[in-house]
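# Tertiary structure, described
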Amino acid sequence: TAVFRTEKTNARVTDPVGNVTTLQGLVRVEGVELSAQGRITDQWEIMASYTHLNSEVVRTTAPLQLGKELIMTPNNAFSLWTTYKITPEFTAGFGAYYVDATWGDVNNTTRVPDWWRFDAMASYRLTQNATLQFNIYNIADKYYYDAAYNNWAVPAAGRTAMLSLKTKF
């Protein structure tokens with residue numbers, strides 16, 4: 001568990017009239033993060049986390065931004081990941097991620113929608129020092145945004161597969 005309050009001084013402030021960016025702002029994020037990890041059985045492991053954030057522009061030279069929430073800062077986010085060791089060599093896993101809707105602009109007029117993403121993996125231990133792993137990210141090929149700011153947004157990666165070989169020396 002973590003309870004926190006973070007303040008950033010000299011935050012960027014864009015003057016909407018002159019379109020000039022200055023380092024005169026103060027922003028604050030207060031929140032709590034809860035996480036738990038453990039084994040349900042010797043073969044089954046689970047990890048879950050939840051984060052709640054309250055963000056605010058505390059000081060700015062742009063009056064319309066005062067008291068607004070920070071862009072791309074979700075109020076709520078959640079993740080759940082589980083793996084199951086089917087045999088001593090073969091493990092399979094599945095995860096779910098949720099991110100609340102966020103503001104996409106500093107004046108809090110454009111919302112970036114909330115999203116869910118689901119991932120899966122399978123790994124096979126070849127030797128004591130080598131494991132072959134296959135991951136699929138964004139199984140449902142969900143279209144969502146990784147970042148947004150005022151008049152632009154960056155889509156997150158679509159369905160992605162990755163095969164990797166992990167080695168220990």
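As a starting point, this report considers the structure included with it. Remember, predicted model here, so these are calculated numbers, not experimental data. (Residues numbered from 1 in each chain as written. Predicted model: local features only at pLDDT ≥ 70, side-chain atom pairs only at ≥ 80, totals over all residues. Heavy atoms only, no water.)

What follows deals with the sheet that holds strand E3 (residues 44-59). Sheet architecture is open: eight strands sit in the order E1-E2-E3-E4-E5-E8-E9-E12, paired in antiparallel fashion. Looking at which strands have only one partner, the edges of the open sheet turn out to be strand E1 (2-15) and strand E12 (160-167). Sheet twist, expressed as the average angle between the axes of neighbouring strands with direction ignored, equals 20°. Bridging between strand E9 (residues 130-137) and E12 involves eight bridges; their strand directions are antiparallel. (Pairing = 2+ DSSP bridges. Helix = DSSP H or I, 4+ residues; strand = E, 2+ residues; numbered from the N terminus. Axes fitted to C-alpha atoms, helices over the stretch in contact; angles between N-to-C directions.)

What follows deals with a nonpolar patch on the surface. A surface patch of nonpolar side chains, about 1,000 Å² in accessible area, is lined by Ile40, Trp44, Tyr84, Ile86, Phe90, Tyr124, Leu126, Leu132, Phe134, Leu163 and Leu165. Counting residues per element, the ones that place at least two in the nonpolar patch are strand E8 (115-127), E9 and E12. By the secondary structure assignment, Ile86 is in the loop between strand E4 (76-85) and strand E5 (90-99). On the basis of relative accessibility, which here comes to 48%, the residue Ile86 falls in the partly exposed class. (Patch = residues over 30% accessible without salt bridge, like charges linked within 9 Å, V, L, I, M, F, W, Y side chains within 5 Å. Areas by Shrake-Rupley, 256 points an atom, 1.4 Å probe, with all protein chains shown as cover. Salt bridge = Lys/Arg side-chain N within 4 Å of Asp/Glu carboxyl O. Buried < 20%, exposed > 50% of the residue type's maximum accessible area, 1.4 Å probe, protein only.)

The side chains of a regular strand alternate, residue by residue, between the two faces of the sheet. Pairing between E3 and E4: nine bridges, direction antiparallel. Paired with Trp44 across the bridge in E4 is Tyr84. Relative to E5, E4 runs antiparallel, the two being bridged by nine bridges. The residue bridging Ser79 from the neighbouring strand is Tyr97, located in E5.

Turning to the pattern of salt bridges, a few remarks are in order. Evaluated as defined, the whole model comprises five salt bridges. The closest approach of N and O atoms between Arg28 and Glu7, which form a salt bridge, is 2.7 Å. Here Glu7 lies in strand E1 and Arg28 lies in strand E2 (residues 20-39), a separation of 21 residues in the sequence. By relative accessible area, which is 18% here, Arg28 ends up buried. In this structure Glu7 comes out as partly exposed when scored by relative accessible area, which is 40%. Close ionic contact of Asp119 with Arg117 constitutes a salt bridge, the shortest N to O distance being 2.7 Å. Take Asp119 and Arg117: they sit in the same class, and that class is buried. Through salt bridges with shared partners, one network takes in Arg5, Glu7, Arg28 and Glu30.

Per the stated rule, a full pass over the model turns up seven aromatic pairs. On the basis of an interplanar angle of 15° and a centroid distance of 6.0 Å, the ring pair of Phe94 and Phe118 is categorised as stacked. Separated by 24 residues along the polypeptide, Phe94 in strand E5 and Phe118 in strand E8 bring together distant segments of the chain. Here Tyr149 and Trp152 contribute two aromatic rings whose centre-to-centre distance is 6.4 Å and whose plane-to-plane angle is 45°, an arrangement assigned as tilted. A cation over a ring is seen here: Arg111 above Trp103, with NZ or CZ 4.2 Å from the ring centre. (Phe/Tyr/Trp six-rings, centres within 6.5 Å; stacked < 30°, edge-to-face > 60°. Lys NZ or Arg CZ within 6 Å of the ring centre and 35° of its normal.)

Counting residues in hydrophobic clusters, the biggest one holds six residues: Ala11, Val27, Val29, Leu53, Val57 and Leu70. When sequence neighbours within four positions are dropped, the list of residues in contact with Val57 reads Leu26, Val27, Gln65, Leu66, Gly67, Lys68 and Leu70. (Core = buried A, V, L, I, M, F, W, Y, C linked by side-chain atoms within 4.5 Å. Contact = heavy atoms within 4.5 Å.)

Turning to the environment of Ser35, a few remarks are in order. Residue position: Ser35 is located in strand E2. Ignoring sequence-local partners within four residues, the contact set of Ser35 consists of Ala48 and Ser49.

With respect to the element layout, Leu126 can be found in strand E8. Judged by its relative accessible area of 46%, Leu126 falls in the partly exposed class. Sequence separation between Leu126 and Lys166 is 40 residues, and the spatial gap between their C-alpha atoms is 9.9 Å. Aside from chain neighbours lying at most four places away, what touches Leu126 is Thr131, Leu132 and Leu165.

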